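Examining the three-dimensional arrangement
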Amino acid sequence: MTTRHLSEEDLQQVALEPAASAPILVDHLQVCSHCRVRLRNYQLLFTQLKAIPQPTLDVDLASLVLAKIDPPKAARLESDWFDYRFGLGLAAGLGSVLYCIGKTLWLTLMAGSPMVVGLMLTTVVIVFGFLLLDQRRSHQRRMKTLSLY
Ligand SMILES: [Zn+2]
């Protein structure tokens, strides 16, 4: 048995769940009238709190909230529009580069042997293709990350 009075938390625990209370608390309550009075006050308080009816709203709050929320939009898995725009931008960029250095490039290509020109063009096409594939994969990864639906 404890000689100190029970704490507020102990009294609330005993008032709410008497069967689950520690025996040392129950023993103290059997000999201490001060703590029994405090326990009775908590029991009355909890009884009164349980007797209060649950507040209800006169309106259907769920339907009001749902009416304010926009329905989710279907996510596009593949973006054909992006591919179209990306291809146009790429063609414009490549065209601009060729327009700026086209004459010099043409003279350089004509001055070299056909084998060197073929190797250069093959290298440029392969590197350009890998860059395009990498950009596309990177873009798709980012779009999947941003997809919330
Ligand atoms: Zn006590």
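Thresholds, definitions, all that
Numbering of residues starts from 1 in each chain and follows the order in which that chain's sequence is written. Residues qualify for local features only when their pLDDT is at least 70, as the model is predicted, and side-chain atom pairs are given and counted only at 80 or more; totals for whole chains, interfaces and linings, by contrast, use all residues. Each helix is a run of H or I in the DSSP string that is no shorter than four residues. Each strand is a run of E no shorter than two, and both are numbered from the N terminus. The atom set for the radius of gyration is the C-alpha atoms, and the globule formula is 2.2 Å times the number of residues raised to the power 0.38. Residues are called buried when their C-beta atom has 20 or more other C-beta atoms within 10 Å, exposed when it has 12 or fewer, and partly exposed otherwise; all C-beta atoms are positioned from the backbone. Each domain's extent was defined by an automatic or database domain assignment. Think of pLDDT as the predictor's per-residue confidence, scored from 0 to 100. Note on definitions: angles span 0 to 180 degrees between N-to-C directions of axes, and those axes are lines fitted to C-alpha atoms, for helices only across the stretch in contact. Roughly parallel means an angle under 35 degrees; roughly antiparallel means over 145; roughly perpendicular covers 65 to 115; every other angle is labelled oblique. Take the far helix as the reference: if the near one is turned anticlockwise from it by less than a right angle, the crossing is left-handed, and if turned clockwise, right-handed. Whether two residues are in contact depends on their C-beta atoms, placed from the backbone: they are in contact if these lie within 7 Å. Amino acid classes used here: Ala, Val, Leu, Ile, Met, Phe, Trp, Tyr, Cys and Pro are nonpolar; Asp, Glu, Lys and Arg are charged; the rest, including Gly, are polar. Working definition: the nonpolar core is a set of buried Ala, Val, Leu, Ile, Met, Phe, Trp, Tyr and Cys residues, joined through C-beta atoms within 7 Å.

The helix and strand tally for the chain stands at six helices and zero strands. Listing every helix and strand of the chain by position from the N terminus yields α-α-α-α-α-α. Relative to the globule expectation of 15 Å for 149 residues, the C-alpha radius of gyration of the chain, 40 Å, shows a markedly less compact shape. A principal-axis box enclosing the C-alpha atoms of the chain has dimensions of 110 × 45 × 25 Å. A burial count over the chain gives 5% of its 149 residues as buried.

Another point: the domain arrangement of the chain. Split by domain assignment, the chain resolves into domain 1 (8-51) and domain 2 (78-146). Of note, the centres of domain 1 and domain 2, computed from C-alpha atoms alone, are 80 Å apart.

The next point concerns the confidence of the model for the chain. Averaged over every residue, the pLDDT of the chain is 85; residues scoring 70 or more account for 91%. By mean pLDDT, the top-scoring element of the chain is helix α3 (residues 33-51) (95), and the lowest-scoring one is helix α5 (residues 80-111) (80).

Axis separation between helix α1 (residues 8-16) and α3 bottoms out at 9 Å; the angle between their running directions is 55°. Put simply, α1 runs oblique to α3. Note on packing geometry: the crossing formed by α1 with α3 is right-handed. Along its contact with α1, which presents L11, Q12, V14, A15 and L16, the element α3 presents C35, R38, L39, Y42, Q43 and F46. In terms of residue class, the contact of α1 with α3 is made up of eight nonpolar, two polar and one charged.

Further remarks concern the nonpolar core. Membership of the largest hydrophobic core is limited to six residues, which are L6, L11, V14, L29, C35 and L39. Those elements that provide at least two residues to this core are α1 and α3. Beyond its immediate stretch of four places on either side in the chain, L11 contacts L6, C35, R38, L39 and Y42.

In this structure, I24 sits in helix α2 (residues 23-31). Put simply, I24 and G93 are 69 residues apart on the chain and 84 Å apart in space, counted from C-alpha to C-alpha.

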